[in-house]
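Topology and contacts: notes
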Amino acid sequence: MAEPLPVLEMTGIVKEFPGVRALSGVDFRLFPGEIHALLGENGAGKSTLIKVLTGVYSLDGGTVTLNGTSVRFHSPSQAQQAGISTVYQEVNLCPNLSVAENIFIGREPTRFGRIQWKRLRREAAELVDRLGLDIDVEAPLSSYPLAVQQLVAIVRSVGTGDADGQGAGTKVLILDEPTSSLDRDEVLELFALMRRLKGEGVAILFVSHFLDQIYEVCDRMTVLRNGTLVGEHMVRDLDQVGLVQLMIGKALDQLEELHDHQLHADVGESLLKADGVGRTGGIAPFDLEIKKGEVIGLAGLLGSGRTELARLLFGADQPDTGKVTIGGKQVSMSAPNDAIAAGVAFCSENRKTEGLVPDLTVRENIILALQATRGWTRPIPVAQRDELVAKYIKALDIRPANPEARVGQLSGGNQQKVLLARWLITRPKLLILDEPTRGIDIGAKAEIQKLVVSLSEEGMAVLYIAAELEEVLRLSHTIGVLRDRKLVAQLANGPEITPTRILETIASGEHQ
Amino acid sequence: MTTTTQQPKAPSNGTPSRAARVLADRRLPVLVTAGLFLVMYAIGLSRYQNYGFAETQVFLNLFIDNSYLLVAAVGATFVILSGGIDLSVGSVIGFTTMLTAWLVEKQGLPLVIVIPIALGVGAFGGYLMGYVIQNFEIQPFIVTLAGLFLFRGLCLVISKESISITDSSVSSMAQAQVSVGGGFLSIGAIVSLVVLAAAFYVLHYTRFGRRVYAIGGNEQSALLMGLPQGGTKIAVYTMSGFCSALAGLLFTLYIQSGDPLHATGLELDAIAAVVIGGTLLTGGSGYVVGTLFGVLVLGLIKSLIQFEGTLSSWWTKIATGVLLCAFILIQRTMTARRKT
């Protein structure tokens, strides 16, 4: 197959941060009219490569060629003017403005300084129409769900330079984790848009943690590991198993072993009992028993009450009915402190807003909960503290293994590990994990799942919440199924329990 | 494949339902305020019709007596739309009255020179505050609070006593009347309406105006969309300083004196007018026309209390407080609905 010239070529890219070589000699090329996946574990250098490309970071070595000419960007707006647009995971638009305005703001068509609203709306409608979307451009952006807002962000980046005929429009479109908060239908719509743009000759760089999506929509992929290039492959030439091996450098049969192991593991005596615990507007009253060393997985759709159930057991919300007994003693659950004192730990799903303090160091974040149980008048001795922190950094393989690093600078998977370390250090009896693997890469996911298994072996009870049913099935001894804010079934895990079976239970909403 | 979140949902991408659109319509708060004004005016008509409330001039006086407040509130609207706040408004007005009175009376300068100087000083003060807010990333609340003290203090540097203006050009300008359908407006009122119209044009028909809304909607996004967010912010405070100085000039015309204590706390009236006019304190949503109604409602409260005759003028404050509370609650419920 005769290949056209690449629209973008990066050769020998080097980027160094103090003490770390984030990228060492990475080559990357992008052809017009292709969808190219950039793959790698967290910390492999994907974001760094994108930031170098878009001018957020400056280069320490190597060259970037765009359309045959050497370029060097010093700011994102320079890259944008050259035709490289980026759409991030979070929607960076203004919800208070109309869709049309969000598409055109900053380059509105004007005549003598006066914005030509009619022309702006018409051009926005044409653009949206051309890309096959059905969006009312005059409605405020906030009236649309997040998924549509994301599509609008793409329309905006594609439309760059269209309004006044300046610039040649977008040649390279970078989509950084655009699908992480979309449901299946929305993902399909995004893919349709991507294919249409590809048809128009735009080169798309796609980053996603969902390997299935990569196989569905991408033509070619580049795999990074530890800041180096592992390989560039056509998607059709490499299967998923091979890809994962490339990404993490070892086989991934271990996860399968975890499942077998959990099916045959024994659980201990009763640890926590909830009798008719419920909260109006949160979750209907439920009974739940958790035994020592048991992993209970919660399955259910988003908004079915998984998190609400967990929050009640931690006292983050106060139950209006029922009682909770832990280790035979009734616990009032009027505040998280009661639960913490009784040995319950809770890793929130919003690790950024409810869990970690991004400006504190890894050490300070890890030590936070332990210090809280002691009270501020009794600081933990320095030597003991450093030893504990070092132990958990090593045990969880937190990278970089530097207790002084600020947590905000760590990758998502490593942040999750820091949060886990914080609670593990308090030696809880029951660990509640709410979506611990969301937004982190496959290698880190496997590590966290292994950790859950080894904790349960040590006798810790775990309440595990995850959107991916496979994960729940793999780890759990018992599966609680939720639907419409009600715990509808508790199934003992076994070979006959499959994702389909769980889905049927969710759909019918009945005990089976 | 993940087997999650196949939730039943409203037709995706469809136009939002009619009811949702009405509630989410950002013009609704302005209409509520305009409605409130009409209701209050109707109450005034029915209660005081024998005391001359129905006269056109009573209505026009609302514009005359509140011209300086309207100009200051227009400046505050820009700042609040951008997601900021300007507490220095009252002090800049006070300082402008002192500066103008001093330049005219003690230095004998003609108004043609004094007016540009006063406006320039106000705009420059606003620019400095904007510069500090932007480049040192300090909360506007604190920076403009510093401005509040600074300008109030500078009044006393000029003179500790009030300076009354006897200059004939000032008094003739102050007394000039422009007849409007059965009544008259002062020059100050005309200027304030021109400022209002200009602000409306700038906010809705220029890129700068749209950037103000964008920054108020989401500053981080505005930055990532490649908008010159820093310059816009500084310009907004410069504009507020300019409006404050202009309001100060109108205030000088209205009172015909400079006094170190003039317009103390007027920034709070301006903010109240903006909020009652339906602009969200969090920024990004609101209309300058709403601000006009906000000012008119505040002015009408004063008139009604004057017509009542038996009530102390402190009732103005009480009524303003109650209204402000009510409007903030309305805004809160509206934004809460909008999110769901």
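In this text the structure is predicted, and so the values were computed from the model without any measurement. (Residues numbered from 1 in each chain as written. Chains lettered and ligands numbered in written order. Predicted model: local features only at pLDDT ≥ 70, side-chain atom pairs only at ≥ 80, totals over all residues. Heavy atoms only, no water.)

1. Some details on the overall build of chain B
Applied cut-off: By definition, any uninterrupted DSSP run of H or I lasting at least four residues is a helix, any uninterrupted run of E lasting at least two residues is a strand, and each is numbered from the N terminus. For a compact globule the rule gives 2.2 Å times the number of residues to the power 0.38, and the radius of gyration it is set against comes from C-alpha atoms. When accessible area is computed with a 1.4 Å probe and restricted to protein chains, residues below 20% of their type maximum are described as buried, those above 50% as exposed, and intermediate ones as partly exposed. Throughout, a contact is declared for two residues whenever any of their heavy atoms are within 4.5 Å.
Counting secondary structure elements, chain B contains 15 helices and four strands. Relative to the 2.2 N^0.38 estimate, which gives 20 Å for 340 residues, the radius of gyration of chain B is 22 Å and therefore close to what a compact globule would have. For the C-alpha atoms alone, the extent of chain B along its principal axes is close to 85 × 55 × 35 Å. The buried share of chain B, taken over its 340 residues, is 52%. For chain B, the share of sequence-separated contacts (at least 6 apart) that also reach a separation of at least 24 residues comes to 79%.

2. With respect to the overall build of chain A
Inclusion rule: Per-residue accessibility takes into account occlusion by the displayed protein chains alone, with areas from the Shrake-Rupley method and a 1.4 Å probe.
Across its full length, chain A holds 18 helices and 22 strands. In terms of overall dimensions, chain A is globule-like: its C-alpha atoms have a radius of gyration of 25 Å, near the 24 Å expected for 512 residues. On the principal axes, the C-alpha backbone points of chain A span a range of 75 × 50 × 50 Å. Here chain A holds 512 residues, and the buried ones make up 53% of them. Nonlocal contacts in chain A, meaning residues at least 24 apart in sequence, comprise 66% of its contacts between residues at least 6 apart. Approximately 21,400 Å² of chain A is accessible, and the part contributed by carbon and sulfur atoms is 50%.

3. Some remarks on a nonpolar patch on the surface
Residues and elements named next belong to chain B. The test is simple: Residues qualify for a patch when their relative accessible area is over 30% and they have no salt bridge, like charges being joined within 9 Å and the nonpolar side chains of Val, Leu, Ile, Met, Phe, Trp and Tyr within 5 Å. Salt bridges are counted wherever a side-chain nitrogen of Lys or Arg sits within 4 Å of a carboxyl oxygen of Asp or Glu.
A grouping of Phe 124, Tyr 127, Leu 128, Tyr 131, Phe 136, Ile 138, Phe 141 and Ile 142 is seen on the molecular surface, where their side chains present a nonpolar patch of about 780 Å² in accessible area. Of all the elements in the fold, those that place two or more residues in the nonpolar patch are helix 6 (111-135) and helix 7 (140-158). Element by element, the count of residues in the nonpolar patch is highest for helix 6, at four residues. With respect to the helices and strands, Tyr 127 occurs in helix 6. By relative accessible area, which is 34% here, Tyr 127 ends up partly exposed.

4. Notes on the UniProt feature "transmembrane region" (unreviewed entry) in chain B
Residue and element names in this part refer to chain B. To be explicit about the condition: UniProt positions are given in the numbering used here, feature names are shortened, and annotations may be inferred rather than shown by experiment.
The UniProt feature table records "transmembrane region" (unreviewed entry) at residues 28-46, 58-81, 111-132, 138-159, 180-203, 234-256, 268-301 and 313-330. End C-alpha atoms of residues 58-81 are separated by 31 Å, and the span's content is 96% helix alongside 0% strand. Counting secondary structure, residues 268-301 comes out at 68% helix and 0% strand; the distance between its end C-alpha atoms is 16 Å.

5. Section: the side chain of Asn414(A)
All names here are of chain A. Note that Asn 414 resides in helix 15 (residues 412-424). The exposure class assigned to Asn 414 is buried, which follows from its relative accessible area of 9%. For Asn 414, the contacting residues outside a window of four places in its chain are Asp 397, Ile 398 and Arg 399.

6. A few points about the sheet that holds strand 9 (residues 172-176) of chain A
Residue and element names in this part refer to chain A. To keep it simple, the criterion reads: DSSP bridges decide pairing: two strands pair if at least two such bridges lie between them. For helices, the fitted line uses only the C-alpha atoms of the stretch in contact; every axis is such a line through C-alpha atoms, and the angle between N-to-C directions lies from 0 to 180 degrees.
With mixed pairing, the six strands of this open sheet are ordered in space as 6-9-10-3-11-12. The open sheet terminates on both sides in strands that have one partner only, identified here as strand 6 (84-87) and strand 12 (228-234). Taking each pair of neighbouring strands and ignoring which way they run, the sheet shows an average axis angle of 20°. Inspection of the sheet shows strand 11 (residues 220-225) paired to strand 12 by six bridges, in the antiparallel sense. Residue Arg 220 lies in a different strand from strand 12, and its bridge partner there is Met 234.

7. So, the packing of helix 13 (residues 362-374) of chain A against helix 14 (residues 382-395) of chain A
Each pair of packed helices gets described by two things: the angle between the helix axes and the distance between those axes. All names here are of chain A. Going by this rule: The cut-offs work like this: below 35 degrees is roughly parallel, past 145 is roughly antiparallel, 65 to 115 is roughly perpendicular, and the gaps in between are oblique.
Interhelical geometry of helix 13 versus helix 14 gives an angle of 105° and a closest axis separation of 10 Å. What the angle tells us is that helix 13 and helix 14 run roughly perpendicular. Facing Val 362, Arg 363, Ile 366, Ile 367 and Leu 370 of helix 13, the residues of helix 14 in contact are Arg 385, Asp 386, Leu 388, Val 389 and Ile 393.

8. Details of the sheet that holds strand 13 (residues 270-279) of chain A
Residues and elements named next belong to chain A. Overall, antiparallel pairing links the four strands, which are arranged 14-13-16-17 in an open sheet. Edge positions in the sheet fall to strand 14 (283-291) and strand 17 (329-331), since each of these pairs with one other strand and no more. Going from strand to strand, the sheet's axes swing by 20° on average, the running direction of each strand aside. Bridge analysis of strand 13 against strand 14 gives six bridges, and the strand direction is antiparallel.

9. Remarks on the packing of aromatic side chains
In this description, a pair of aromatic rings is defined by centroid distance and the angle of the planes. Under the convention used in this document: Two aromatic rings, drawn from Phe, Tyr or Trp (for Trp, its six-membered ring), form a pair once their centres lie within 6.5 Å of each other, and the interplanar angle then sorts them: stacked below 30 degrees, edge-to-face above 60, tilted otherwise. Criterion for a charge above a ring: Arg CZ or Lys NZ at most 6 Å from the ring centre, at most 35 degrees from the ring normal.
Taken as a whole, this structure holds 19 aromatic pairs over all chains when the rule is applied. Measuring from ring centre to ring centre gives 6.0 Å for Tyr48(B) and Phe53(B), while their planes differ by 50°; the resulting arrangement is tilted. Ring pairs connect the aromatic residues Phe37(B), Tyr41(B), Tyr48(B), Phe53(B), Phe59(B), Phe63(B), Phe293(B) and Phe307(B), which therefore count as one cluster. Note that Arg114(A) overlies the ring of Tyr205(B), its terminal NZ or CZ placed 4.2 Å from the centroid. Its guanidinium or amino end placed over the ring of Tyr213(B), Arg210(B) lies 4.6 Å from that ring's centre, counting from NZ or CZ.

10. Some details on the pattern of salt bridges
Counted according to the given criterion, the structure contains 22 salt bridges over all chains. The closest approach of N and O atoms between Arg207(B) and Glu108(A), which form a salt bridge, is 3.3 Å. Residue Arg207(B) is found in helix 10 (residues 207-217), and its partner Glu108(A) is found in the loop between helix 3 (99-104) and strand 7 (110-111); the two belong to separate chains. A relative accessible area of 24% means that Arg207(B) is categorised as partly exposed. In this structure, Glu308(A) and Arg485(A) form a salt bridge, with 3.3 Å as the shortest nitrogen-oxygen distance. Residue Glu308(A) is located in helix 10 (residues 306-314), and its partner Arg485(A) is located in the loop between strand 21 (478-483) and strand 22 (486-492); the two are separated by 177 residues in the primary sequence.

11. With respect to the pairing of strand 22 of chain A
Residue and element names in this part refer to chain A. For strand 21 and strand 22, the ladder comprises six bridges, and the chain directions are antiparallel. Opposite Val 481, over in strand 22, you have Ala 489 as the bridge partner. Taking the residues between adjacent antiparallel strands as the criterion, strand 21 and strand 22 are bridged by two residues, where Asp 484 takes a positive phi near 45°.

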